[in-house]
Amino acid sequence: MRRRNGLQEIIAGTFVAILFPALACAQTFQGTGRLVIAPTTVTDPAGNLVEGLDLKDFQLTDNGTKQVILEDLTFQPISLVVVVQSSDKSGWALAKVRRLGSMIELLVLGRGGQAAVVSYADRVEVVREFTADSSQVRNALLDIKSEGAGHRLIDGVGRAVSLLEQTRRRRRRVILLVGEPFDSGSEDDLRGTLNDLQRQNIMVYALQMSHTKSALEAASGGSLLNGLRELYRGAKAGSALNTLKLLVDYTGGREYAFSGQSTLETAVQKIARELHGQYLLSYTPDSAGTSGFHEIRVAVNRPAVQIRARPGYWETDK
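Keep in mind that what you see is a predicted model, and the values were worked out from it rather than measured.

Trainee: Let's hear about unusual backbone geometry: which residues, and what values?
Mentor: The phi dihedral of Asn63 falls on the positive side, at around 55 degrees, and the residue is not glycine. Of the residues examined, Asn63 reaches a relative accessible area of 39% and is grouped as partly exposed. With a phi angle near 55 degrees, Asn201 is a residue other than glycine that sits in the positive phi range. With respect to the helices and strands, Asn201 occurs in the loop between helix H6 (190–199) and strand E9 (202–209).

Trainee: Mind laying out the nonpolar core, listing which residues take part and the relevant values?
Mentor: Formed by 45 residues in total, the largest nonpolar core has its most connected members in Phe58, Val81, Ile175, Leu177, Leu197 and Leu247. Looking at this core element by element, the count peaks at 7 residues for helix H5 (residues 153–165). Residue contacts for Leu177: discarding those within four places in its chain leaves Val83, Tyr120, Leu153, Val157, Val204, Tyr205, Ala206, Leu207, Leu244 and Leu247. Residues Leu80, Leu141, Val174 and Leu275 belong to the second largest nonpolar core, which totals 32 residues.

Trainee: Outline the packing of H5 against H6, listing residues and values.
Mentor: The interhelical angle for the contact between H5 and H6, taken along N-to-C directions, is 30 degrees, at an axis separation of 10 Å. It follows from the interaxial angle that H5 and H6 lie roughly parallel. The hand of the H5/H6 crossing is left-handed. Contact with H5, carried on its side by Ile154, Val157 and Val161, involves Leu190, Thr193, Asp196 and Leu197 of H6 and no other residues of that element. Its residues assigned to classes, the contact of H5 with H6 shows 5 nonpolar, 1 polar and 1 charged.

Trainee: So, the sheet that holds strand E8 (residues 172–179): which residues are in play, and what are the values?
Mentor: Spatially, the 6 strands line up as an open sheet ordered E7-E6-E5-E8-E9-E10, and their pairing is mixed. A single partner strand is all that each edge strand has here, and the edge strands are strand E7 (124–131) and strand E10 (255–258). Between one strand axis and the next, the sheet turns by 15 degrees as a mean value, whatever way the strands run. In this structure, E9 lies alongside E10, joined through 4 bridges in parallel fashion. From the neighbouring strand, Met209 faces E10, where its bridge partner is Phe258. Along the sheet face, helix H4 (residues 134–143) touches strand E5 (78–85), strand E6 (114–120) and E7 and points at about 170 degrees away from the line of E7. Contacting E8, E9 and E10, helix H9 (residues 261–275) runs over the sheet at an angle of about 165 degrees to E9.

Trainee: Break down the packing of H5 against helix H8 (residues 243–251) for me, citing the residues and quoting the values.
Mentor: A pair of packed helices is characterised by two quantities: the angle between their axes and the separation of those axes. Closest axis-to-axis distance for the H5/H8 pair is 10 Å, and the angle between their directions is 35 degrees. Along this stretch, H5 crosses H8, giving a crossing that reads as right-handed. Here Leu153, Ile154 and Val157 of H5 come into contact with H8, specifically with Thr243, Leu244 and Leu247. When grouped by side-chain class, the residues that make up the contact of H5 with H8 number 5 nonpolar, 1 polar and no charged.

Trainee: Any chance you could break down the pairing of strand E11 (residues 279–283) for me, citing the residues and the numbers?
Mentor: Counting buried positions over the 5 residues of E11 gives 5, a clear majority of the element. Of the two faces of E11, both are covered, the one formed by Tyr279, Leu281 and Tyr283 as well as the one formed by Leu280 and Ser282.

Trainee: Now, about H6: what can you tell me, with residues and values included?
Mentor: Regarding H6, the residues found buried are Leu190, Thr193, Leu194, Asn195, Leu197 and Gln198. Put simply, Asp189 is the residue that caps the front of H6, since its side-chain oxygen is 3.1 Å from the backbone nitrogen of Arg191. Asn201 lies just past H6 and shows a positive phi near 55 degrees.

Trainee: Give me the lowdown on the environment of Thr193, citing residues and values where you can.
Mentor: Residue position: Thr193 is located in helix H6. In the structure, Thr193 is positioned 35 residues away from Gly158 in sequence and 6.2 Å away in space, judged by C-alpha atoms.

Trainee: Summarise the packing of aromatic side chains; cite the residues concerned and give the values.
Mentor: For the structure shown, the criterion picks out 2 aromatic pairs. On the numbers, 5.1 Å between centres and 55 degrees between planes, the contact of Phe58 with Tyr279 is tilted. Of this pair, Phe58 sits in strand E3 (residues 58–62) while Tyr279 sits in strand E11, and the two are 221 residues apart along the sequence. Phe58 sits in the buried class, given a relative accessible area of 6%.

Conventions and cut-offs
- Sequence order as written defines the numbering, with residues in each chain counted from 1.
- pLDDT decides what is reported in this predicted model: residues at 70 or higher carry local features, side-chain atom pairs at 80 or more are listed and counted, and totals for whole chains, interfaces and linings draw on all residues regardless.
- Excluded from the side-chain calculation are hydrogens and water; included are all heavy atoms of the structure.
- Any residue under 20% of the maximum accessible area for its type is buried, any over 50% is exposed, and the rest in between are partly exposed; the area is computed with a 1.4 Å probe on protein chains only.
- Secondary structure elements are taken from DSSP: a helix is a run of H or I of four residues or more, a strand is a run of E of two residues or more, and numbering for both begins at the N terminus.
- Note on terminology: a nonpolar core comprises buried Ala, Val, Leu, Ile, Met, Phe, Trp, Tyr and Cys residues joined through side-chain atoms within 4.5 Å.
- Contact criterion: two residues are considered in contact whenever any of their non-hydrogen atoms come within 4.5 Å of each other.
- Helix axes are fitted to C-alpha atoms over the stretch in contact, other axes to C-alpha atoms as well, and angles between N-to-C directions run from 0 to 180 degrees.
- Orientation categories follow fixed angle ranges, with anything under 35 degrees roughly parallel, anything over 145 roughly antiparallel, 65 to 115 roughly perpendicular, and all other angles oblique.
- Two helices cross in a left-handed way if the nearer one is turned anticlockwise from the farther one by less than a right angle. They cross in a right-handed way if the turn is clockwise.
- Note on residue classes: Ala, Val, Leu, Ile, Met, Phe, Trp, Tyr, Cys and Pro are nonpolar, Asp, Glu, Lys and Arg are charged, and everything else, Gly too, is polar.
- For two strands to count as paired, DSSP must find a minimum of two bridges between them.
- Polar contact criterion, stated in full: a pair of N or O atoms within 3.5 Å, where within protein one must be able to donate a hydrogen and the other to accept it, and residues adjacent in sequence count only if both atoms are side-chain atoms.
- Two aromatic rings, drawn from Phe, Tyr or Trp (for Trp, its six-membered ring), form a pair once their centres lie within 6.5 Å of each other, and the interplanar angle then sorts them: stacked below 30 degrees, edge-to-face above 60, tilted otherwise.

Written out as structure tokens, the structure is:
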């Protein structure tokens, strides 16, 4: 699959060109009908993005059944919701996050990019609805106040999903979650939120406030897939999970911990590079309608590469 020429289609300004000389459009394979989208990151042994792959280089299975990957070279602009924990104990991190306004631009600016901002603590607030004006995004981050003791992470993500549902389908939908790994006090159900994320083809990336690097693990104590199956069986409560990690892994995103301004900015740069270097594989499942968890596996006919994609989706009985 060929790449489009020019950094300008994605990011405007010389500042971005200096920071991200290798940034390019995400590569989109898309068709018509009911689609499952599996954003796929391919890296070499040194961790560099592998570019220039074509449709024929990928193989994708859904529950072990090979799928026909559909192709469309149309560029998809990004709709990004920044979801920020704003509790009292996150004040130290908020001071750093407030300086991210210009860097958040790097994730979404370009043709049709837009961003919104949501905060969560004891309550959830939409600080800024979707805007293409980067100055409004910066101001929204500056306006977030540190107050309350709550950690309504799931509710915050749920509000972001509601905002993204209102955007056009032919957009890349991304949540950037900034907070601690656990949830407390949310009214929304984690399983329902995970279903909403997969139905809307939303990716979640996370910047974890690392001052509370807890020993919380996925409730299964093992693989992500086992954890998801346990969650859907109702055997595990959402509060027992490393909620942030589950949201990230389930949607094919990535999590970075930060403890200072430098590590935070480095993480945002890595997320920006990845978002604009992914292959967007999409397909209409042959096994559509089969209830239960559908495992997605992606392979590439290149030696010694690492592949990361969403692990699957949950199909419920109608």
